[in-house]
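Structural characterization, general
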Amino acid sequence: MAVINFIVNDIFRQPPLFLGLIALAGLLLQRASFSDIMKGTVKTILGVIVLMKAVDIISASMAPLAAAFTKMFAIQGDLGKSAPGMNEFIVQYGSLIGLVMVLAFILNCLTARFTRFKSIFLTGHIFFWIAFISVAVGVEAQLKGTVLIVMATLATTVYIVATPWLIRPFVKQVTGDDTFTIGHSCVGLSILAAYIGKLFGNKEKSTEDIKVPESLDFLRETTITTGIVMFLIYTVVGIIIGPAGREAAFGAGNDAAASGIVFGLMQGLTFGAGLTVLLTGVRLMLGELIPAFRGIAQKLVPDAIPALDCPMIFPFAPNATLIGFVVSMIASIAAIVLMGASGIFSVAVIPLTVACFFDVGPAIVFANATGGRRGAVLASIVCGFLLIILEAGSIMILAHTVPDFVQAFGGNDFSILALLLRGITKIFGL
């Protein structure tokens, strides 16, 4: 009994160790060498630790900006202040999230084996965050124990099975083959963008006919671009709220120059650094965890195709990716200003730089495939506004658990899933 208690209370409550055990089990089943087993297990653990530390960095870099937007729009109330936040939530529910991932992956393989939904979801970090959101919604609905596990597992399974299947025809249209599909939180926006392009665009006039100056090539570096965008947002917001507002939101002594420029620069670059650390952690974790999953999947479902990360689609239309990021950022900021000034918001909503690149960017690749330049621009504007609407709605849905996650990474399928699941739980009186 003491050994079981140690495993449940000490090992399973540590997400890095729990996911390391998952990698270990996968490698053992594949009869990997002792050296490969050690490398795969330890690198998975290190990757999760790095990912969790990156979340801390990103959250800290965005906290003053949330306070500034609250000040700018005179938002009242303490929504989200009592929430544990995403890092503490992972510590508290990490083992349950890991269990949901394992169960959902098994169901994904079985579904691919016996139905026409023949894809295996292999984008590990999105897989993790979908399970994370599903568990968070269950906690918001005050579900516990087996009921929470079943609900979160079913929600995660439906997502990882259905979304790669829904986006698969559009992936084939972009790539010209059917060797992979996309498993990412961009699918909802991507399908919307593809239909916007189809209805209002002209695919004969592609974004890829536009020549991008070499001097702007640095914008393709996500960590640099997001850091610059965050710096500009901090600077503009700092000017708008004035010296007193800056001192209240950013803290005394941070009112550098006349508009907090130095503080904004450091926060923006810190965000970029946090994103760099996050991507490093993801690569460490996925580099070992996904091969363990893939090996099992190949044995169970030899005719399935992989559902992969959204950067797989970027090379097919890099100009479209860049247009999606820039235009959606402008549209998002416009949406925040318009909706904030109208008093609709009851919680601080800030621009989603990560979602604008990793969710709208690939979505506009599909919009370009169906509607060319016109479709790409129109879809970017619509997606930019929709990001903010979804962000605001899902922050309130997750107000007692992980509103900071939505504030940093929402506005996409994470928000859509949260809103749908909470609606379903309310139908059942939860």
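Numbers given for residues are sequential positions, taken from 1 along each chain in its written order. Only residues with pLDDT of 70 or above have their local features reported here, since the model is predicted, and side-chain atom pairs are shown and tallied only from 80 upward, although totals for entire chains, interfaces and linings are computed over all residues. Side-chain numbers come from the whole structure's heavy atoms, not from hydrogens or water.

Attention now moves to the overall build of the chain. Working definition: helices are DSSP H or I runs of at least four residues, strands are E runs of at least two. Numbering for both runs from the N terminus. A tally of helices and strands in the chain yields 13 helices and 3 strands. Residues classed as buried in the chain amount to 55% of the 430 residues present. Put simply, 83% of the contacts in the chain that link residues at least 6 apart link residues at least 24 apart. Note on areas: these come from Shrake-Rupley sampling with a 1.4 Å probe, and a residue is covered only by the protein chains present in the view. For the chain, the exposed surface amounts to about 18200 Å²; the carbon and sulfur share of it is 68%. Partly exposed describes any residue whose relative accessible area lies between the buried limit of under 20% and the exposed limit of over 50%, with all areas from a 1.4 Å probe on protein chains only and scaled to the type maximum. Here, two residues are considered to be in contact whenever any of their heavy atoms come within 4.5 Å of each other.

Here the focus is the packing of helix α4 (residues 85-114) against helix α5 (residues 124-140). Packing of α4 against α5 brings their axes to within 8 Å, and their N-to-C directions diverge by 110°. Here α4 is positioned roughly perpendicular relative to α5, judged by the angle of their axes. Like other packed secondary-structure pairs, α4 and α5 cross with a definite hand, here right-handed. Counted together, M86, F89, I90, Y93, L96, I97, V100, M101, A104 and F105 of α4 and G124, F127, F128, W129, A131, F132, V135, A136 and V139 of α5 form the full contact between these two elements. Of the residues belonging to the contact of α4 with α5, the class tally is 18 nonpolar, 1 polar and no charged. Geometry is summarised by axes, namely lines fitted to C-alpha atoms with helices restricted to the contacting stretch, and by angles between N-to-C directions that run from 0 to 180 degrees. Angular relationships are summarised with four words: roughly parallel below 35 degrees, roughly antiparallel beyond 145, roughly perpendicular across 65 to 115, and oblique for the angles in between. By definition, any crossing whose near helix is turned counterclockwise from its far helix by less than a right angle is left-handed, and any crossing with a clockwise turn is right-handed. Throughout this entry, Asp, Glu, Lys and Arg are counted as charged residues, while Ala, Val, Leu, Ile, Met, Phe, Trp, Tyr, Cys and Pro are counted as nonpolar. The remaining residues, Gly among them, count as polar.

Quick look at the side chain of D359 now. Counting through the fold element by element, D359 comes out in helix α11 (residues 353-397). D359 gets classed as buried once you look at its relative accessible area, which sits at 3%. Within 3.5 Å is the distance limit for a polar contact, defined as a pair of N or O atoms, with the added protein rule that one can donate a hydrogen and the other accept it, and that residues adjacent in sequence qualify only through two side-chain atoms. Within the structure, D359 has its side chain in polar contact with the backbone nitrogen of C186 (distance 3.1 Å). D359 has contacts with H184, S185, C186, L189, V354 and N412, leaving out every residue within four places of it along the chain.

Membership of the largest hydrophobic core comes to 123 residues, with the highest contact counts inside it found for F132 and F405. Counting residues per element, this core draws most heavily on α11, which supplies 19 residues. Look past the residues within four positions of F132 in its chain and what remains in contact with it is M86, F89, I90, I97, V402 and F405. Only buried residues count toward a nonpolar core, which is a set of Ala, Val, Leu, Ile, Met, Phe, Trp, Tyr and Cys residues joined through side-chain atoms within 4.5 Å.

Here we come to the environment of I389. Residue position: I389 is located in helix α11. For I389, a relative accessible area of 44% corresponds to the partly exposed category. Placed 53 residues apart in sequence, I389 and I336 show a C-alpha to C-alpha distance of 9.0 Å.

Before going further, it helps to examine the environment of T225. Relative to the assigned elements, T225 resides in helix α8 (residues 222-250). When its relative accessible area of 3% is taken as the criterion, T225 is described as buried. C-alpha separation for the pair T225 and F357, spaced 132 residues apart in sequence, amounts to 9.2 Å.

Here we take up a nonpolar patch on the surface. Here, patches come from residues exposed beyond 30% relative accessible area and free of salt bridges, joined within 9 Å for like charges and within 5 Å for nonpolar side chains (Val, Leu, Ile, Met, Phe, Trp, Tyr). Definition used for salt bridges: Asp or Glu carboxyl oxygen within 4 Å of a side-chain nitrogen of Lys or Arg. On the surface, L99, L103, I106, L107, L110 and F114 cluster together to form a nonpolar patch covering roughly 520 Å² of accessible area. Relative to the helices and strands, L99 resides in helix α4. Since its relative accessible area comes to 32%, L99 is described here as partly exposed.

Both strand β1 (residues 119-121) and strand β3 (residues 305-308) contribute to a ladder of 3 bridges, which runs parallel. Counted as the bridge partner of I120 is P306 from β3. Alignment of strand β2 (residues 181-182) against β3, held across 2 bridges, turns out to be parallel. Within the sheet, the bridge partner assigned to T181 lies in β3 and is A307. Strand pairing is assigned whenever DSSP identifies at least 2 bridges connecting the two strands.

As a further point, take the sheet that holds β3. Within the open sheet, the 3 strands sit side by side as β1-β3-β2. Their pairing is parallel. This sheet does not close on itself; its edge strands, each paired only once, are β1 and β2.

Positionally, R168 belongs in helix α6 (residues 145-175). Classification of R168 as buried rests on a relative accessible area of 19%. The residues touching R168, leaving out its near neighbours within four places in the chain, are K118, D178, T181 and I305.

Even without glycine at this site, R31 takes up a positive phi of about 55°. Topologically, R31 is positioned in the loop between α2 (15-29) and α3 (34-72). Classification of R31 by relative accessible area gives exposed; the value is 76%. Positioned with a positive phi, Q142 is a non-glycine residue whose angle comes to about 65°. Within the element layout of this structure, Q142 appears in the loop between α5 and α6. We classify Q142 as exposed; its relative accessible area is 68%.

Next up on the list: the pattern of salt bridges. Following the criterion strictly, the structure yields 2 salt bridges and no others. Salt-bridge contacts for D36 lead to K39; the nearest nitrogen and oxygen are separated by 3.8 Å. One end of the pair is D36 and the other is K39, both in helix α3 and 3 residues apart, which spans about a single turn. Of the residues examined, K39 reaches a relative accessible area of 43% and is grouped as partly exposed. D178 is the partner of R168 in a salt bridge, and the nearest nitrogen-oxygen pair spans 2.7 Å. Residue R168 is located in helix α6, and its partner D178 is located in the loop between α6 and β2; the two are separated by 10 residues in the primary sequence. Since its relative accessible area comes to 29%, D178 is described here as partly exposed.

It is worth spelling out the packing of aromatic side chains at this point. The description of two aromatic rings rests on the distance between their centres and on the angle between their planes. Each Phe, Tyr or Trp ring, with Trp reduced to its six-membered ring, pairs with another whose centre is within 6.5 Å; inter-plane angles below 30 degrees give stacked pairs, above 60 give edge-to-face pairs, and intermediate values give tilted ones. Within this structure, the stated rule accounts for 17 aromatic pairs. Plain terms: the ring middles of F89 and F132 are 5.5 Å apart, the flat faces sit at 85° to each other, and that makes the pair edge-to-face. Of the two residues, F89 sits in helix α4 while F132 sits in helix α5, which places them 43 residues apart along the sequence. Of the two residues, F89 and F132, both sit in the buried class. Arranged with centres 6.0 Å apart and planes meeting at 70°, the rings of F121 and F127 form a pair that is edge-to-face. Note on F121: relative accessible area 0%, which makes it buried.

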